[in-house]
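# Coordinate analysis (summary)
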Amino acid sequence: MPRANDSALVTVRYWAGARAAAGVESDVVRGCRTVADAVAAVDGLHPGLSAVTAVSTLLLDGRATHRDHDLPDGSVLEVLPPFAGG
């Protein structure tokens, strides 16, 4: 996996309630070294999103990830909030 760097460009995609909270389908953020950095960046862009990201599953390039994971340049981070239903 490529190494993360300070100028990494990351696309953050939102699903369901995360999309509703953000008011957009996605954002692009730069300069994030970890998943936590990217989440903090988008939380800062959208008031109310932090309540959703706090309980969401995060996927990095299609795989479940943790907030301390490095972000390679060009990666895609997806925010999937818990889904209700049965």
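Residues numbered from 1 in each chain as written. Predicted model: local features only at pLDDT ≥ 70, side-chain atom pairs only at ≥ 80, totals over all residues. Heavy atoms only, no water.

What follows is about the pairing of strand β2 (residues 26–30). Only one face of β2 is buried, namely the one carrying Asp27 and Val29, since none of Ser26, Val28 and Arg30 on the opposite face is buried. By the bridge criterion, 5 bridges tie strand β1 (residues 9–14) to β2 in an arrangement that is antiparallel. Along β2, the bridge assignment pairs Arg13 with Ser26. (Buried < 20%, exposed > 50% of the residue type's maximum accessible area, 1.4 Å probe, protein only. Helix = DSSP H or I, 4+ residues; strand = E, 2+ residues; numbered from the N terminus. Pairing = 2+ DSSP bridges.)

The next point concerns the environment of Val29. Considering the arrangement of structural elements, one finds Val29 in strand β2. As a C-alpha pair, Val29 and Thr11 span 18 residues in sequence and 6.5 Å in three-dimensional space. Not counting residues within four places of it along the chain, the set of residues in contact with Val29 comprises Ala8, Leu9, Val10, Val12, Ala38, Ala41, Val42 and Leu45. (Contact = heavy atoms within 4.5 Å.)

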